[in-house]
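Architecture and fold: a report
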Amino acid sequence: VRRNGPEPALTPEQSLGLYRIGQEAINNVLKHSDGRRAGLEVATAPESVRLVVWDDGRGMAGAVGAGHGLGNMRHRAELL
């Protein structure tokens, strides 16, 4: 995990939502990417937070969307 910027003023619910998004993203990397390296970066500004998850795996081309992970992450992000 690499953090860039000041600590944002998040409520406990927002912090938990951000944590859960990162958790689901890393879980997806471990389950689906077949990569060897992965990372999570958090960049903050006074009014925003950006969470970036990366890996050196095979990407999403041709992925079957049978699960709920991406939809759950999208919903959590909208709540933030």
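Since the structure is predicted, the reported quantities are computational estimates derived from the model, not experimental observations.

1. Points about the pattern of salt bridges
- For the structure shown, the criterion picks out 1 salt bridge.
- Here R58 ties to D34 by a salt bridge, and the two come within 2.6 Å at their closest N and O atoms. Of this pair, R58 sits in the loop between β3 (48-55) and α2 (69-79) while D34 sits in the loop between α1 (12-32) and β2 (38-45); the two residues are 24 residues apart in sequence, bridging distant segments of the chain. Comparing R58 with D34 shows no difference in burial state: the two are exposed.

2. Structural notes on unusual backbone geometry
- Phi is positive for D34, close to 60°, though the residue is something other than glycine.
- Looking at D34, the relative accessible area reads 61%, which means it is exposed.

3. Section: the packing of α1 against α2
- Here α1 crosses α2 at 160°, and the two axes come no closer than 9 Å. With respect to their mutual orientation, α1 and α2 come out roughly antiparallel. As α1 packs across α2, the resulting crossing turns out to be left-handed. Residues G17, R20, I21, E24, A25 and N28 of α1 pack against G69, L70, M73, R76 and A77 of α2.
- Here the residues of the contact of α1 with α2 are counted per class, giving 5 nonpolar, 3 polar and 3 charged.

4. Describing the pairing of β3
- The pairing of β2 with β3 spans 8 bridges and is classified as antiparallel. Considered in β3, the bridge of A43 is made with R50.
- Between β2 and β3, which follow one another and run antiparallel, lie 2 residues.

Here is what the cut-offs are and how they apply
Residues numbered from 1 in each chain as written. Predicted model: local features only at pLDDT ≥ 70, side-chain atom pairs only at ≥ 80, totals over all residues. Heavy atoms only, no water. Salt bridge = Lys/Arg side-chain N within 4 Å of Asp/Glu carboxyl O. Helix = DSSP H or I, 4+ residues; strand = E, 2+ residues; numbered from the N terminus. Buried < 20%, exposed > 50% of the residue type's maximum accessible area, 1.4 Å probe, protein only. Axes fitted to C-alpha atoms, helices over the stretch in contact; angles between N-to-C directions. Parallel < 35°, antiparallel > 145°, perpendicular 65-115°, else oblique. Left-handed = near helix turned anticlockwise from the far one by under 90°. Contact = heavy atoms within 4.5 Å. Nonpolar A, V, L, I, M, F, W, Y, C, P; charged D, E, K, R; others polar. Pairing = 2+ DSSP bridges.

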